[in-house]
Amino acid sequence: MPEWIVKLQKDFITAFVEDNRWKYLVEGIQNTIILTFFALILGVILGVVIAAVRTTYDKQYTEIKNPVGKCFLAVGNWFCKVYLTVIRGTPAMVQILIIFFVIMASSDNKMLCGIIAFGINSGAYVAEIIRGGIMSIDGGQSEAGRSLGLNYVQTMWYIVLPQTFKNILPALANEFIVLLKETAIAGYVGVTDLTRGANIIRGITYQSLFPLLAIAAIYLVMVMFFTWLVELLERRLRKSER
Amino acid sequence: MNGNHLIRVCGLKKHYKDGAIKALNGVDLEVSKGEVIVIIGPSGCGKSTFLRSLNLLEVPNEGHIYLSDVDITDRKVNINHHRQKVGMVFQHFNLFPNMTILDNMTLAPVKLKKATKEQAEKKAMELLRVVGLEDRAGAYPNQLSGGQKQRVAIVRALCMEPEVMLFDEPTSALDPEMVGEVLDVMKRLAADGMTMLVVTHEMGFAREVADRVIFMDEGVIMEEGTPEEIFNHPKNERTKSFLNKVL
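### Considerations on the pattern of salt bridges
Scanning all chains against the criterion turns up 21 salt bridges over all chains. A salt bridge links Arg88 of chain A to Glu128 of chain A; the shortest N-O distance between them is 3.8 Å. Within this pair, whereas Arg88 of chain A is found in helix α3 (residues 67-89), its partner Glu128 of chain A is found in helix α5 (residues 110-136), the two being separated by 40 residues in sequence. Residue classification places Glu128 of chain A among the buried positions, given a relative accessible area of 19%. A salt bridge links Arg238 of chain B to Glu218 of chain B, with the shortest nitrogen-to-oxygen separation between them at 3.0 Å. Here the residue Arg238 of chain B occupies a position in helix α9 (residues 237-246), and Glu218 of chain B occupies one in the loop between β9 (212-217) and β10 (220-225), the gap between them amounting to 20 residues. One network of salt bridges, with partners in common, ties together Asp58, Arg88, Glu128 and Arg131 of chain A.

What follows is the structure in structure tokens.
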């Protein structure tokens, strides 16, 4: 056997098999998935709320009769705009450091910090995706709903949002993929995510090739699997288009 | 107040851009139950704006609209409640593309608790039968032709059992060979005694079906009368020149 193959074999064993080092990667996969999943949920909730406030302000402000409600909506809209500007205007890396070392400095739950940081970050992007989706629906759709006597919320819920969801699914999937990969920076605040798992192995073994290639492949497979799931969903949603 | 009028409009004004563009410049109109009114006029004359303001899709800046003697321009009035009584048909159909024809028709009656799902579906199927589309109940709007879509849009509005129907250029987006099928449905509706306001360029329909024809220009009603008066003996110069161009 050529010498370089023997060396690779040895490196592989050092990187993954010795001392069961592959377990760092398994733990990393788990943490990356947990982090992404809960950050996604938080992001979607924040995104929906913000998109709802922003769209309602744009479309309904003049129609609202109650002055107190009007005031609340204007203030809410202002807060949403500030949130969007700040979150989209600063790096995710800086945000997670601020959350971990400043805002939640008293908490030692690293995972929770990560979830909150990434959720807040993702929420800003999801909000604008949803808002864009709502605006892309022809105004005639909501006019038709309102002309039948449905109120604003009913029209949004039964008519506009189902169509919005179908349209924004590719953009949402994109945001999810970005989020999944961005969690790679969670290691900076001590969450043992997938990238950190590889770095731990590198630190122990002084080997870079296999740990890094392995996590690259794992990220790729996770993204491909998710893309496949979204395609299935899209195909189901598109059944009304001939 | 006069109880005979289903709709009474007084001094309706609508302007955009702080008064720079006056879409409606003082419109008065009374509509009796069962009347069919056709509104004609050059594009940009305010006829669509006027029609759309009758169920407050456009909110007027001045004036009052009384629907069954309730002033719907009053801020305290629940407009959703009144819109249930005013059916509207749009130029571009505005069917909900993600729902079947049947769901398009039953959504509002069921969600607004006017009927149970079974009752609403039964009524919808009856109406679809009347317009000859009962076999398309399970289809999606994209699978229908323009004329079929507009017929569905009409019966969708009828599912709410409205007291008046508004038609905003219902045949303008249709291929010429499909105009007839939609007008036939509207004629039958008129014959059944429905109160209708129709903005259209179909002068033949106006002549045949209208009780009253209204000519609008520059945001006001320039002339109104029976089809005979408007089409054969127009008095206003603007009406004459408009009719010369379109007839």
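### Some details on a nonpolar patch on the surface
All names here are of chain A. Nonpolar side chains collect at one region of the surface, where Ile34, Phe37, Phe38, Ile41, Ile45 and Val49 lie side by side and expose about 530 Å² of accessible area between them. Residue position: Phe38 is located in helix α2 (residues 22-60). Exposure remark for Phe38: the relative accessible area of 41% places this residue in the partly exposed category.

### Regarding the sheet that holds strand β6 (residues 86-89) of chain B
Residue and element names in this part refer to chain B. Across the sheet, which stays open at both edges, the six strands sit in the order β6-β7-β8-β3-β9-β10 with mixed pairing between neighbours. Both edges of this open sheet fall to β6 and β10, since each of them pairs with a single strand only. The average undirected angle you get between the axes of adjacent strands in this sheet is 20°. Across four bridges, the pairing between β6 and strand β7 (residues 164-168) is parallel. Following the sheet pairing, Val89 is matched in β7 by Phe167.

### Description of the side chain of His82 of chain B
Looking at the element boundaries, His82 of chain B is found in helix α2 (residues 79-83). If near-sequence neighbours (up to four positions away) are discounted, His82 of chain B is found in contact with Leu67, Val70, Ile72 and Val77 of chain B.

### Here we look at the interface of chain B and chain A
Listed by partner, the interface residues are 28 residues for chain B and 25 residues for chain A. For the pair chain B and chain A, the summed buried surface comes to about 2300 Å²; carbon and sulfur atoms form 54% of the total. Our count for the chain B to chain A interface comes out at one salt bridge. Between Glu143 of chain A and Arg52 of chain B there is a salt bridge whose closest N-O contact spans 2.7 Å. Here chain B and chain A share four residue pairs in polar contact (both at pLDDT 80 or more) between them. Looking at the side of chain B that touches chain A, the elements that each hand over two or more residues are α2, β6, α3 (101-111) and α5 (146-158) of chain B. If you tally residues by element for the side of chain B that touches chain A, the top one is α3 of chain B, at three residues. Taken together, the residues that form the side of chain B that touches chain A break down as 15 nonpolar, seven polar and six charged.

### Describing the nonpolar core
Membership of the largest hydrophobic core comes to 49 residues, with the highest contact counts inside it found for Ile40, Ile154, Met165, Phe167, Met186 and Met196 of chain B. Setting aside residues no more than four positions away along its own chain, Ile40 of chain B makes contact with Lys47, Thr200, Met203, Val213, Ile214, Phe215, Met216, Ile230, Phe231, Phe242 and Leu243 of chain B. Leu148 of chain A together with Ile37, Ile65 and Leu197 of chain B belong to the second largest nonpolar core, which has 39 residues in total.

### What about the side chain of Gln95 of chain A?
Residue and element names in this part refer to chain A. Locating Gln95 in the fold gives a position in helix α4 (residues 92-103). Of the residues examined, Gln95 reaches a relative accessible area of 10% and is grouped as buried. A polar contact is formed between the side chain of Gln95 and the side chain of Thr90, at a distance of 2.8 Å. Side chain to side chain, Gln95 and Asn121 meet in a polar contact 2.7 Å long. With residues up to four places along the chain from it excluded, the contact list for Gln95 reads Val86, Ile87, Thr90 and Asn121.

### Focus: the packing of helix α7 (residues 152-182) of chain A against helix α9 (residues 209-237) of chain A
The packing of two helices is summarised by the inter-axis angle and the distance between the axes. Residue and element names in this part refer to chain A. Where α7 contacts α9, the axes come no closer than 11 Å and their chain directions differ by 170°. Compared by their axis directions, α7 and α9 come out roughly antiparallel. Taking contact as the criterion, the partners of Phe165, Lys166, Leu169, Pro170, Ala173, Phe176, Ile177 and Leu180 in α7 are, on α9, Tyr219, Met222, Val223, Phe226, Thr227, Val230, Leu233, Glu234 and Leu237. For the contact of α7 with α9, the per-class residue count stands at 14 nonpolar, one polar and two charged.

### Observations regarding α3 of chain A
Residues and elements named next belong to chain A. Between its first and last C-alpha, α3 extends 33 Å over 23 residues, near the 33 Å set by a 1.5 Å rise per residue. Along α3, the residues that are buried comprise Leu73, Asn77, Cys80, Tyr83, Leu84 and Ile87. Near the N-terminus of α3, the side chain that reaches the backbone nitrogen of Val68, with its oxygen 2.9 Å away, is that of Asn66.

Conventions and cut-offs
- Residues numbered from 1 in each chain as written.
- Chains lettered and ligands numbered in written order.
- Predicted model: local features only at pLDDT ≥ 70, side-chain atom pairs only at ≥ 80, totals over all residues.
- Heavy atoms only, no water.
- Salt bridge = Lys/Arg side-chain N within 4 Å of Asp/Glu carboxyl O.
- Helix = DSSP H or I, 4+ residues; strand = E, 2+ residues; numbered from the N terminus.
- Buried < 20%, exposed > 50% of the residue type's maximum accessible area, 1.4 Å probe, protein only.
- Patch = residues over 30% accessible without salt bridge, like charges linked within 9 Å, V, L, I, M, F, W, Y side chains within 5 Å.
- Areas by Shrake-Rupley, 256 points an atom, 1.4 Å probe, with all protein chains shown as cover.
- Pairing = 2+ DSSP bridges.
- Axes fitted to C-alpha atoms, helices over the stretch in contact; angles between N-to-C directions.
- Contact = heavy atoms within 4.5 Å.
- Buried area = accessible area lost by both parts, 1.4 Å probe.
- Polar contact = N/O pair within 3.5 Å; in protein donor to acceptor, adjacent residues only side chain to side chain.
- Nonpolar A, V, L, I, M, F, W, Y, C, P; charged D, E, K, R; others polar.
- Core = buried A, V, L, I, M, F, W, Y, C linked by side-chain atoms within 4.5 Å.
- Parallel < 35°, antiparallel > 145°, perpendicular 65-115°, else oblique.
- Expected span 1.5 Å × (residues − 1).

No statement about biological role is implied by the geometric values presented.
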